[in-house]
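This is what each chain is made of:
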Amino acid sequence: MDRAQPSPPVEKRVDGAVSNPELEREIKQLGGELHGSFPSALRHPVRAVDARAMEMASSDRELRAALFRFVDVVPACRSLDDVARHLTDFLDEVPEAPPPLEAAMRIAHTKAGRAALGAAAARGVRHIAHRFIVGETPRAALSVLSQLWNRGIASSVDLLGEATVTAAEADRYAHRCAAALAELAAAVRGWPERPMLERDATGTLPRANLSVKVSALTPLLRADAPALGKQDAARRLRPLLVGAREQRAHIHIDMESLDSREAVLDLVLELLSEPEFAEGPSAGVVLQAYLRDSPQQLEQILAWTRAHTRTPPLQVRLVKGAYWDHELVQARQQGWPAPVFEVKAECDRNFETLTRRLLEARPAVRVAVASHNLRSVSHAIAYNRLLGAPDTELELQVLRGLGDELQDALAQHGFRVRTYCPVGDLVAGMAYLVRRLLENTSNEAFISEQARNTPLETLLAAP
Ligand SMILES: Cc1cc2nc3c(=O)[nH]c(=O)nc-3n(C[C@H](O)[C@H](O)[C@H](O)COP(=O)(O)OP(=O)(O)OC[C@H]3O[C@@H](n4cnc5c(N)ncnc54)[C@H](O)[C@@H]3O)c2cc1C
């Protein structure tokens, strides 16, 4: 893993993929072992019901669209009657509703029926939300976070509430972040030691970890005037970085849609370049592999790390990207070429290329590979081993609710896994929830493939 060490041979195939028989063998073996630890759906009846609901939603485009619109309005509903009316209105637009939904729509013709249906629908939305959201406040979330830690799982807290519209909202979000940092930092002191979760070759990994969204730190983040948004967000991010350094916490800056990417990355790298932050806090950025220009962006980040040696090193969280539909629609509307890959295998291949590049760039960066795709995750672990690095030098990350099985399997096999845990109320959580549902029910998503019982060999095949 040090830079002088030659990388293991990976041959380029005609389609741009790489092949290395030893790497592929290790991926298949690891993937098989991790998959073997997944619980069977039958042992988790609630999960099985969720999986059936997801399957129903993914098999019908119109139904999916109607349900997404419905989930979006639920927090604004004033009564259960209101919930039911919205549900039936949305489902009315579906040309052929599946049988259970048709039955639901029939009972909605009476007031009592609507109240019953509304209660069931609100319960359903709340049930799904609780799968993804760990608590309404950081304090309420602490018991889940400490239970995770006790089971060998680290966490990153994300305070829900995106796309701030006023300065007062941005101030409130910054204030909530500062309070959450203080609350987390105080709570984690009493947690038992977990060496795998709190140390790597470059030093200590903070137990308290907060993920932050720049769009919530300023209402002025606009692609056509990036300097203004950056300046306004810096005013609120700087004190958070100071607070994190003082409380030995980690701050991770999430990446959002492409129109804010440059401002977000510039803002973070500029702030971290200040002498005040040369020795902390521990901080990180996100790289989105679905973007065609992500390899160049990674080189930009690596050039920054060469010019700014800091302790601890910058962490790079590699993801595929959560705004795929948005980026495509936006590009089509504007007549621009798509900035994202449109073929899933190309995105997955790029993810693997970036994984290798990142792992080879250590110790200049700390690497976190965030994915629920067993192939992508197994590839990262296998390549790390092929480089001769211990498992402690790679972090794997999953989202609460989507990656629970993988999280448990990774922890059971002794890997460092961190779960991204949203905290907040349902209203603020809706944008988050809809994005997760969209990903979950997209036909090409790994999780949908897995739910369709695609053979393991296919799931683990090179993209
Ligand atoms: C801990 C954690 C933190 C995260 N933080 C962020 C963040 O800050 N910013 C962010 O944007 N996302 C973030 N994500 C979400 C992430 O980007 C992915 O959306 C999500 O993890 C699904 O990808 P996957 O590898 O798990 O699953 P997979 O099923 O393997 O991949 C699904 C992803 O592939 C891409 N895709 C889908 N269809 C196509 C297609 N036809 N062509 C090309 N590409 C396609 C999309 O990016 C989609 O999300 C985070 C995820 C995790 C686990």
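Summary of the structure given here. (Residues numbered from 1 in each chain as written. Predicted model: local features only at pLDDT ≥ 70, side-chain atom pairs only at ≥ 80, totals over all residues.)

Given 3.6 residues per helical turn, the α-helix brings residues three or four places apart onto the same face. Among the residues making up helix α16 (residues 404-412), those that are buried are Glu 405, Leu 406, Gln 407, Ala 409, Leu 410 and Ala 411. Where the residues of α16 are buried, they touch α1 (21-36), α15 (374-386), β11 (395-399) and β12 (416-423). Note on α16: the residue one or two positions beyond its end, Gly 414, has a positive phi of about 85 degrees. (Buried ≥ 20, exposed ≤ 12 C-beta atoms within 10 Å, placed from the backbone. Helix = DSSP H or I, 4+ residues; strand = E, 2+ residues; numbered from the N terminus. Contact = placed C-beta atoms within 7 Å.)

Counted residue by residue, strand β3 (residues 154-159) has six buried out of six residues, so it is predominantly covered. A two-sided burial pattern is seen for β3, the buried positions comprising Ala 154, Ser 156 and Asp 158 on one face and Ser 155, Val 157 and Leu 159 on the other. Note: β3 against β12, six bridges, orientation parallel. By the bridge assignment for β12, Val 157 is matched with Cys 421. Inspection of the sheet shows β3 paired to strand β6 (residues 209-212) by two bridges, in the parallel sense. (Pairing = 2+ DSSP bridges.)

Contacts to the ligand come from 30 residues, most closely from Val 319, Cys 347, Ser 371, Asn 373 and Phe 446. Mapped onto the shell around the ligand, the elements with two or more residues apiece are β8 (282-288), α14 (344-361) and β11. Looking at the shell around the ligand residue by residue, the classes come out as 16 nonpolar, eight polar and six charged. (Near = placed C-beta within 6 Å. Nonpolar A, V, L, I, M, F, W, Y, C, P; charged D, E, K, R; others polar.)

Our next topic: the sheet that holds strand β10 (residues 365-370). An order of β3-β6-β7-β8-β9-β10-β11-β12 is seen for the eight strands of this closed barrel, with the pairing classed as parallel. Between one strand axis and the next, the sheet turns through 30 degrees on average, direction left out of account. Seen against the sheet, helix α8 (residues 167-188) touches β3 and β6 and runs at an angle of roughly 155 degrees to β3. (Axes fitted to C-alpha atoms, helices over the stretch in contact; angles between N-to-C directions.)

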